[in-house]
Amino acid sequence: MWTADEIAQLCYEHYRTRLPKQGKPEPNREWTLLAAVVKIKPAADQACGGTNKPAQVTKEVVSMGTGTKCIGQSKMRKSGDILNDSHAEVIARRSFQRYLLHQLHLAAALKEDSIFVPGTQRGLWKLRPDLLFVFFSSHTPCGDASIIPMLEFEDQPCCPIRRDWANNPLVEASGDLEDPEDKKKCEDLGSPVTKKMRPEPGIPDNVAHHQSFGHQESGPVPPSVSGSHLTAEELATVTGMAPSGAKVVDVYRTGAKCVPGEAGDSGKPGAAYHQVGLLRVKPGRGDRTCSLSCSDKLARWNVLGCQGALLMHLLEEPIYLSAVVIGRCPYSQEAMQRALTGRCRNVSALPRGFGVQEVKIEQSGFLFAQSRCAVQAKRADGPGRLVPCGAAISWSAVPEQPLDVTANGFPQGTTKKAIRCLQARMRKLETYHQYKEAASAYQEAWSVLREQAFGSWIRNPPDYHQFK
C-alpha cells in the first residue's frame, strides 16, 4: 500500500513546496526537525477490460510541524498564553487535532465529504473505516527511543561526553546527542558534530540504507553482544539491540532527563550511561521542563489516541495512528518498539474503545535536507556555530489560516508589550481544563495508563500531574 520512503519523500516535498520561508532554518547556520501526519486512503480494485487495475492509494499530508524547543518550568504561565512544548512531533499532533476539528465541522454541517461518519451513539462520530493515518518524524523521538547502541564499526557521532553530563542543566531542548559545552568545542574547532553514517559496502551514499542494528528482527533468543568493561546487568540494557557478534562501545545520548523520583541514569561511561524504559522530560534552557519526552508522548497517543480529551466529547472512539515512519538517522527498531509499544503492553482494564495498539514502525533511508546531519555535511568547515532553529512551524489542512509560526512559545514577532494581549493568547484556560476533565472515559484511560505503565516507573514525584 505504501513504503517508508514514499511517506518520507511526500513529507519532504510538502515541506519544500507548501511551507513558506518564514520559520525555516537559516541556510548553513540552523537546523530543525520535521514531523507530519499523512492520511492514506486505499481505493478498491476496479475491473477494466477483463483485468483488474491495481488499487489506487491516495496519500495526503494533513498536518505538519517543525521545531526543536521547549520552555522551562519557570517560564510556564497560568494564563495559558504560551506553548510549552514546540518539538516537531508535538506541533504536528496539535495541527492534526485542528484538522480533525475541521473535519468534524464538515461532518456536522453535511456540506462536504468528511473523514467522519455518524457513530452508533447519537451525536457522536467515528472515523471512516477505509482511512489510515501514518505519523512521520525526520528523527527518532527524543527520550527512550533515542537510546540506541553505538557499535564499534560506526563513525562516532559526537565528541566525548563528560561523566557529569547528566547533572548539567544547560542543555538545549533540541534532541541534542551530546553535551552543549563539548559540542561548542567541536563546532569552534570546525569539526563535524555529527558525521555521516558509514554506508554498507556496495551501497551508494545517495541510496537508502540503514544501520544493521536498526532492522534486527526480534526473536525469542536475543543476539549476543560483546561490550567492553560492561557488567552482565549493564549488557542487558542493550541486549537485543545489536547484531550478533557486534561490539557495543557506547550508546547514543538523549538530552531528555529522567522525571523527578526516578532512579535516574547511572552516568557511567559507555553503553551503561543511560537506563532504558524510563519516563523522561525534555531539557529546557537553564531549568527543567514539565514536558514529557516525545517518546513518552507517542507511547501515550498509542493508548489514548491522538485526538486528546476535548475531541473525545464528539468521537465514539479514539483516533489511532496505524504506523510510525522515521527518517534517516541513528535508529534501532528494538528501541522504537520498546519506547512506543513495549512499555505499555501490560496495560489492561481500559475503558471501552481504548487499547494498546500494535503500531507499525519503519524507517526510511531518505535524509531530511534541513536536519542537523545534512546541514553539517553541507557547511563542512564553514565559520560560525551550527544551532537549532528557534522558530516552530505549524501547518494544518484547513481552509482558514493553515499556517502558524511561533518562537519561544509565542506567535513569531510578538513584542514583550503585546505578550499579555488577547491577540497573543494561544488558548484560554478558564474552561479548557474543565472540558478536558469532563471527558470521563479519556481521563479514566489516562489514569489506568499512568498507574499500570507510566506510574510504575515514578517514585513519588512532587506532583505527577504537572507533567504533560
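Only a predicted model underlies this, so the values are computations on that prediction, with no experimental measurement involved.

Caption draft 1: View of the packing of helix H2 (residues 88-109) against helix H5 (residues 294-304). At their nearest, the axes of H2 and H5 sit 9 Å apart, and the two run at 30° to each other. With respect to H5, the element H2 is oriented roughly parallel. Note on element contacts: H5 touches H2 through Cys 294, Lys 297 and Trp 301, opposite Glu 89, Val 90 and Arg 93.

Caption draft 2: Representation of the sheet that holds strand E17 (residues 360-363). Reading across from one edge, E17-E16-E10-E2-E5-E19-E20-E21 is the order of the eight strands in this open sheet, with mixed pairing throughout. The outermost strands of the open sheet, each flanked by one partner alone, are E17 and strand E21 (410-411). Judged from the five bridges that link them, strand E19 (residues 391-396) and strand E20 (residues 403-407) form a sheet pairing that is antiparallel. Counted as the bridge partner of Ala 391 is Ala 407 from E20. The strands touched by H2 within the sheet are strand E2 (34-42), strand E5 (57-66), strand E10 (132-137), E19 and E20, with E5 carrying the most contacts at an inclination of about 120°.

Caption draft 3: The arrangement of the pattern of salt bridges in detail. Considering all chains together, one arrives at 13 salt bridges under this definition. Lys 39 is paired through a salt bridge with Glu 60; the nearest N and O atoms lie 3.3 Å apart. Placement of the pair is Lys 39 in strand E2 and Glu 60 in strand E5, with a sequence separation of 21 residues. With a closest N to O distance of 3.5 Å, Glu 358 and Arg 345 form a salt bridge. With Glu 358 in the loop between helix H7 (333-340) and E17 and Arg 345 in the loop between H7 and E17, this pair connects stretches of sequence that are 13 residues apart. Given the relative accessible area of 59%, Glu 358 is considered exposed. Judged by its relative accessible area of 46%, Arg 345 is partly exposed. One network of salt bridges, with partners in common, ties together Glu 26, Arg 29 and Glu 30.

Caption draft 4: Focus on the pairing of strand E16 (residues 323-326). The alternating pattern of E16 places Ala 323 and Val 325 and Val 324 and Ile 326 on opposite faces, both of which are buried. The pairing of E10 with E16 spans four bridges and is classified as parallel. Its bridge partner being in E16, Val 134 is matched across the sheet by Ala 323. Of the strand pairs in this sheet, E16 and E17 are connected by four bridges, and their pairing is parallel.

Reading guide: rules and limits
- Residues numbered from 1 in each chain as written.
- Predicted model: local features only at pLDDT ≥ 70, side-chain atom pairs only at ≥ 80, totals over all residues.
- Heavy atoms only, no water.
- Axes fitted to C-alpha atoms, helices over the stretch in contact; angles between N-to-C directions.
- Helix = DSSP H or I, 4+ residues; strand = E, 2+ residues; numbered from the N terminus.
- Parallel < 35°, antiparallel > 145°, perpendicular 65-115°, else oblique.
- Contact = heavy atoms within 4.5 Å.
- Pairing = 2+ DSSP bridges.
- Salt bridge = Lys/Arg side-chain N within 4 Å of Asp/Glu carboxyl O.
- Buried < 20%, exposed > 50% of the residue type's maximum accessible area, 1.4 Å probe, protein only.

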